Amino acid sequence: MEGSLPVELWRLILAYLPLPDLGRCCQVCRAWRELVFSLDNTRWRQLCLGCPECRHPNWPSQPHLEPPSWREALKQHALASRTWTRNGPELQSSACLLFFRRRKDRRVWHVGPGCEFETLRGALGVAGPYDRVVLHPGVYEEQAEVALKVPVELVGLGRLGEVALLVCMEQQCPTARLCNLVFMPPWFSTVVYKTSWGHVQLDNCNFEGAQLQIRGPGTCQARFCSFSQGSSAHLLGVVVSLLDSCDFSGSDTASVTVEGPPASERNWACKHLAALARTFPSQFSSSPSSPEGSSAGEPDSAGGVKKEYVSMEDWKRRTGGDAVCHGTVIEDDWSDGEPSDGEEQKQDGNHNSKKLFTLIYKIPYENHGLSHLLKPREDGSLPLASAPEPPSVTPEPLTLQQELDRDPEAQMLASSVLGCIVRRCLFRDGKGGVYLSNYGQARLEENVFRGLNYAVRCIQNSTIVMLRNEVCECRASGVFLRLSAQGLIAENNIHSNGEAGLDIRKGANPIILCNKIHSGLRSGVVVLGNGKGSIRSNLIYNNKEAGVYVLFSGNPVVIGNHIFQGQAAGIAINENGRGMITENVIRENQWGGVDIRRGGDPILRNNYICYGYSDGVVVGERGRGLIEGNRVYCNKGCGVWVMSSSLPQLLGNYIIHNCMYGLAVFGRKDPDYVEAREGNWPGQEAGDAAGGERRAAEGEAREAQENFNEEGELFAWESDLDSEDERHSARRSVSVALVEGNCLSHNGAVGLYVKSSEALNVFGNLVNSNCGPGVAVLQSGQLTRLVTNCIVENGRGGVAVEKDCRVELRGNGIYENGGHGVRLSGNGQIVENDVVGNGGCGIQVSASTDIKVVRNRVQPVQGCGIALLGAVKGVVHDNILFQGHPGNKKSLLHVDPGSESCVLRNNSILKPNNSCAPAPPWVLDNPPPRPLASSPAGLSSSQYPSRVGISMTARVGATVESGCHSGSMFCCIL
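This one's a predicted model, so the numbers in the text were calculated from it and none came from an experiment.

Sorry if this is basic, but what is going on with the overall build of the protein chain here?
From N to C terminus, the protein chain includes 17 helices and 77 strands. Relative to its full complement of 974 residues, the protein chain shows a buried share of 60%. A sequence separation of at least 24 residues applies to 53% of the contacts in the protein chain between residues at least 6 apart. If you sum the accessible surface of the protein chain, you get close to 37,500 Å²; carbon and sulfur atoms cover 51% of it.

Can you help me understand helix 3 (residues 30-37) in this one?
Side chains of residues three or four places apart in an α-helix project in the same direction, reflecting 3.6 residues per turn. Listed as buried for helix 3 are Trp32, Leu35 and Val36. Down the axis, helix 3 shows its buried residues gathered within 95° of arc, on one side only. Of the residues in helix 3, the exposed ones pointing more than 90 degrees away from the buried face are Arg30 and Glu34. For helix 3, the secondary structure elements touched by its buried residues are helix 1 (7-14), helix 2 (19-26) and helix 4 (40-50).

How should the packing of aromatic side chains be read in this particular structure?
For any pair of aromatic rings, the description rests on two quantities: the centre-to-centre distance and the angle between the ring planes. Here the structure, examined in full by the defined rule, presents 15 aromatic pairs. Between the aromatic rings of Phe227 and Phe248, the centroid separation amounts to 4.6 Å while the plane-to-plane angle is 10°, which identifies the pairing as stacked. Here the residue Phe227 occupies a position in strand 15 (residues 226-228), and Phe248 occupies one in strand 18 (residues 247-249), the gap between them amounting to 21 residues. One exposure class covers both Phe227 and Phe248, and it is buried. The structure contains a cluster of three or more aromatic residues connected by ring pairs, namely Phe183, Phe207, Phe227, Phe248, Phe427 and Phe449.

Just to check I follow, could you spell out the nonpolar core for this structure?
Most often, soluble globular proteins keep nonpolar side chains buried together rather than apart. Counting residues in each nonpolar core, the largest one holds 132 residues, and the members touching the most others are Val133, Leu154, Met169, Leu178 and Leu481. The residues contacting Met169, other than those within four sequence positions of it, are Leu124, Val146, Leu148, Leu154, Leu178, Phe183, Val192, Tyr193 and Lys194. With 24 residues, the next largest nonpolar core counts Tyr361, Cys634, Leu766 and Phe882 among its residues.

Could you clarify how one ought to interpret unusual backbone geometry in this entry?
The phi torsion of most residues other than glycine is negative, and most of the peptide bonds are trans. A cis amide bond links Asn926 to the next residue, Pro927, at an omega of 5°. Structurally, the position occupied by Pro927 is in the loop between strand 75 (908-910) and strand 76 (933-934). Unlike most non-glycine residues, Tyr439 shows phi in positive territory, near 70°. Along the polypeptide, Tyr439 turns up in the loop between strand 22 (432-437) and strand 23 (441-445). Even without glycine at this site, Asp878 takes up a positive phi of about 60°. You can see Asp878 is positioned in the loop between strand 71 (874-877) and strand 72 (880-882). Owing to a relative accessible area of 32%, Asp878 belongs among the partly exposed residues under this scheme.

Looking at this model, I keep getting lost on helix 4. Mind explaining?
Among all positions in helix 4, only Asp40, Arg43, Trp44, Leu47 and Cys48 are buried. The arc that holds every buried residue of helix 4, seen down its axis, measures 130°, which confines them to one face. Structural note: helix 4 exposes Asn41 and Gly50 on the side pointing more than 90 degrees away from its buried face.

Looking at this structure, how should I read the pairing of strand 56 (residues 760-763)?
Here is the key point about a regular strand: its side chains alternate between the two faces of the sheet. Residues Leu760 and Val762 point to one face of strand 56 and Asn761 and Phe763 to the other, with burial holding for every one of them. Two elements, strand 53 (residues 737-740) and strand 56, share four bridges in a ladder whose sense is parallel. Within strand 56, the residue paired with Val739 across the bridge is Val762. Of the strand pairs in this sheet, strand 56 and strand 59 (residues 783-787) are connected by four bridges, and their pairing is parallel. Across the sheet, residue Phe763 finds its bridge partner in strand 59, namely Val787.

Teacher, can you tell me more about the packing of helix 1 against helix 3 here?
To describe two helices that pack against each other, one gives the angle between their axes and the distance between the axes. Between helix 1 and helix 3, whose axes approach to 10 Å, the crossing angle comes to 70°. Classified by the angle between their axes, helix 1 and helix 3 sit roughly perpendicular to one another. The two elements helix 1 and helix 3 meet at a crossing, and its hand is right-handed. Counted together, Val7, Trp10, Arg11 and Leu14 of helix 1 and Trp32, Leu35 and Val36 of helix 3 form the full contact between these two elements.

Would you mind going over the pattern of salt bridges with me for this structure?
Side-chain pairs of opposite charge can arise whenever the charged atoms involved come near each other. Scanning all chains against the criterion turns up 34 salt bridges. Between Asp595 and Arg597 there is a salt bridge, and its shortest N-O distance comes to 2.7 Å. As far as burial versus exposure is concerned, Asp595 and Arg597 are alike and both buried. Two residues, Arg930 and Asp834, come together in a salt bridge whose shortest N-O distance is 2.8 Å. Of the two residues, Arg930 is situated in the loop between strand 75 and strand 76 and Asp834 in strand 66 (residues 834-838); the sequence distance between them amounts to 96 residues. Residue Asp834 is classed as buried on the basis of its relative accessible area, which comes to 0%. In this structure, a network of salt bridges that share partners links the residues Arg106, Arg132, Glu153, Arg177, Asp203 and Arg223.

Help me understand the environment of Gly863 in this model?
As for its position among the elements, Gly863 is in the loop between strand 69 (857-860) and strand 70 (866-869). With 20 residues separating them in the primary sequence, Gly863 and Ile843 have C-alpha atoms 9.4 Å apart. If we ignore the near neighbours within four places in the chain, the residues touching Gly863 are Gly840, Cys841, Asn888 and Lys890.

What should I look at first to understand the environment of Gly520 in this one?
Note that Gly520 resides in the loop between strand 33 (516-518) and strand 34 (525-527). Of the residues examined, Gly520 reaches a relative accessible area of 9% and is grouped as buried. Separated by 43 residues in the primary sequence, Gly520 and Ser477 place their C-alpha atoms 9.2 Å from one another. Excluding anything up to four places from it in sequence, Gly520 contacts Ser496, Asn497, Asn542, Asn543 and Lys544.

Explanation requested: the pairing of strand 55 (residues 752-756) in the structure shown.
In terms of burial, strand 55 is largely enclosed, as five of its five residues are buried. Where strand 52 (residues 663-666) lies against strand 55, four bridges are found, and the strand directions are parallel. Note on strand 55: the bridge partner recorded for Val665 is Val754. By the bridge criterion, five bridges tie strand 55 to strand 58 (residues 775-780) in an arrangement that is parallel. In the sheet register, Leu752 faces strand 58, and the bridge partner there is Val775.

Hey, could you run me through a nonpolar patch on the surface in this one?
On the surface, a nonpolar cluster with roughly 500 Å² of combined accessible area is contributed by Leu5, Leu9, Leu12, Ile13 and Tyr16. Mapped onto the secondary structure, Tyr16 falls in the loop between helix 1 and helix 2. For Tyr16, a relative accessible area of 68% corresponds to the exposed category.

Looking at this model, I keep getting lost on the environment of Gly533. Mind explaining?
Residue position: Gly533 is located in the loop between strand 34 and strand 35 (534-536). In this structure, the C-alpha to C-alpha distance between Gly533 and Ile511, residues 22 residues apart in sequence, is 5.8 Å. Setting aside residues up to four positions removed in sequence, Gly533 forms contacts with Ala508, Asn509, Pro510, Pro556 and Val557.

I would appreciate a short explanation of the packing of helix 2 against helix 3 in the present structure.
Contact pair helix 2 / helix 3: the axes reach a minimum separation of 7 Å and the direction vectors enclose 140°. Judged on the interaxial angle alone, helix 3 and helix 2 are oblique. Here Leu22, Cys25 and Cys26 of helix 2 come into contact with helix 3, specifically with Trp32, Arg33, Val36 and Phe37.

What is the right way to read the state of the cysteines from this model?
By definition, a disulfide is the covalent link that joins the sulfur atoms of two cysteine residues. Considering all chains together, one arrives at zero disulfides under this definition. Between Cys220, a cysteine without a disulfide, and Cys225, which holds the nearest cysteine sulfur, the sulfur-to-sulfur distance is 7.8 Å. Overall, the relative accessible area of 1% leaves Cys220 in the buried class. Unpaired in terms of disulfides, Cys472 finds its nearest cysteine sulfur in Cys474, a separation of 7.1 Å. With relative accessibility at 2%, the residue Cys472 sits in the buried group.

Reading the values: the criteria
Residues numbered from 1 in each chain as written. Predicted model: local features only at pLDDT ≥ 70, side-chain atom pairs only at ≥ 80, totals over all residues. Heavy atoms only, no water. Helix = DSSP H or I, 4+ residues; strand = E, 2+ residues; numbered from the N terminus. Buried < 20%, exposed > 50% of the residue type's maximum accessible area, 1.4 Å probe, protein only. Contact = heavy atoms within 4.5 Å. Areas by Shrake-Rupley, 256 points an atom, 1.4 Å probe, with all protein chains shown as cover. Arc of directions from axis to C-beta. Phe/Tyr/Trp six-rings, centres within 6.5 Å; stacked < 30°, edge-to-face > 60°. Core = buried A, V, L, I, M, F, W, Y, C linked by side-chain atoms within 4.5 Å. Pairing = 2+ DSSP bridges. Axes fitted to C-alpha atoms, helices over the stretch in contact; angles between N-to-C directions. Parallel < 35°, antiparallel > 145°, perpendicular 65-115°, else oblique. Left-handed = near helix turned anticlockwise from the far one by under 90°. Salt bridge = Lys/Arg side-chain N within 4 Å of Asp/Glu carboxyl O. Patch = residues over 30% accessible without salt bridge, like charges linked within 9 Å, V, L, I, M, F, W, Y side chains within 5 Å. Disulfide = S-S within 2.5 Å.

Next up, the structure:
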């Protein structure tokens, strides 16, 4: 085209050509082809919008958005509009034979006043195969059912709405096409069109108060159609049918009903519709965007997530939190007894010195059994237990493609095209969207469900595939799954619904991947009544109640989700709910990150539970569960709050940098535990929150029961409930609450706070660098056992035990705490502990009536080694006391006059020969520094902080010497 007219002028000329001439121009040469293609936003747009059989490519849900290519949109429309004519034999031998294929002889018949035929029935009686019947503007009514016996095309002339049919038509031929018509029901039937074996194509038609009925092996392809005033499409046993770019509004029931399994017989159109469905783009590369390595991303206006890193200082500034919570229940209920000399010095104003003396004759203890949790790694980084800052990076959710690559079942569902295919449709202002029952199958892609009672209801073994839909503003739940329903729900935006975004019950088991579920007026996802499901890599945020709520024996798998900024708990498990809750990021929720109570019994493993405005994990009344390998940090309340009577198991968790207690243990029978739980914490009304949480949980349980009754399901699901024995048969059996192998570090108050009337076992934990004491036992009606723990460098004492408490301390290492190593006012045993370098006394016992202090190694800095104050009864023998500083004039073994009845024997006191002598070569050997522990083979300390194998000899020996408490299984073995 060089040397000819300018390109702009060529474009102006070509803009006047009709569609056939543009096609011919494309075949001239490559330059002409590119020139014709460049008319996309002018001539091609004009041709696409001017086609009477086609509407805007993004109608009805997004008519304001232009398509990527108007020419491509017109091409796809032309191909789709010809599907109904492709029922002839296929010529496979040679492409050139297509030139010799006989074209169908088509005639055009006109119906209307002054035309060849006055009635539709008359024209259909003479029409031949593939003829076109053109209906002129007007209303055509038939008083009896009309049968289509030959393939025919019915086209309304003029604008949509000018040709109306009040007919009931039954298709008895292989194929037919209806275009630009308005269907209204006749007086004798609400069904206006039905077929049971042929294929019907509907283009740009309106249904007003009418029903379209397709029965398999019949098929249907509807494009740019409107179903209004209670109209609906009913598909029974369809193999493949396609509803594309349709508008459903004002339905009295479900707008689309899919019932029954696909028929075994196939008609000629099935393969063509399946091929057409596969041409729809499947973009699985996107994922629910989450802040890269963020701990506190906030959703933006577009529903994405703002990426940001959050440090501890940023979080404190944002929430008004403080690492030390003044005025909490610590100040009211707990004190460390008489202040140690070091604490007195600080109170006198010397803030530059933590202790009056420093340890001159230092005994090395760094190689104890949990030292790997405190020492720098090979790359120089600090482990979580000793790091001054909390983790700043959390895992990102997987993309849908990554999820499909590792899940063959989900991959198969994503590629399936059986059943009813609904794509790019708008469902609005009616009762229901899509209803599947009795093994029905449907695939929903890029639809919008808005202002309905419900969007999708899938029951009775039906299969649903939902991809990239928007479900919003439903008056009840957005998506219901019942009665063993299954399917794939992926990359949908489910928000602003009146009830749950997703409601799973009665054995339903869907795969829910990479959705955004947010801004709901109730919970994000509810699983109950033996419902199951795999809930993975979703963003669940800003819901008014729990992000995921499991109750009534619901048992989902919840993996890799980001559950954040909820107005209640992140995950709530109540009323015998279960579930596998793993590898989720649960953050910035108003109530507990995870709330377990009233029979809830989940497995909570390897989650990030952080930056909450209340407790990290709450195990309330009758709550159970295995809580293992989680990172619980930067919560404004406690890291973990548990009720010991519920028999929880806490194994291998990092509970760090929380504003209050690291782990708080209460008992159901304690009169003060509710007050302690619901006391007003700084910056929040915790009592109101806890009460509101219980009321909301009870309200949702009542709502679930009401929904069952409304659906006629009653409580038949109760017959399927597993017994307690069956439920716990595969779980490690415990008769006492167990806290084992955890890291309780850098918390704002006590590391482990116990106020319980039930027994408690605390084995192999690292308790370090907490602002208060390491362990505080305020109430312990039954035995609290502290065995092989490492309690180091806490701001106040190591272990504090109040009056009337029963405690056993055995095999612990208690090092360099700010106050007394052990301060005990109750009863119990202090056996085989290493108490070295603490700011006050090593072991201080007061007002005890039954105490045993045996085989401990004690080195104080500035107080007594062992101090017996007041009337103490018991035995103190075979202890080794080391002097810590030559200036410490206090007796290493101090006994008040009232303690003469206490038996003292075989205690060793070690001092240097003179104060000028160099530090003696004292070491802790035979055994080495306690706790004595070693990591099991193959277990990474980075994954399980102190999930260590306690020496079997120490564990069994401890059990035998302390008696048979609560029927320990070790006693049974011996």
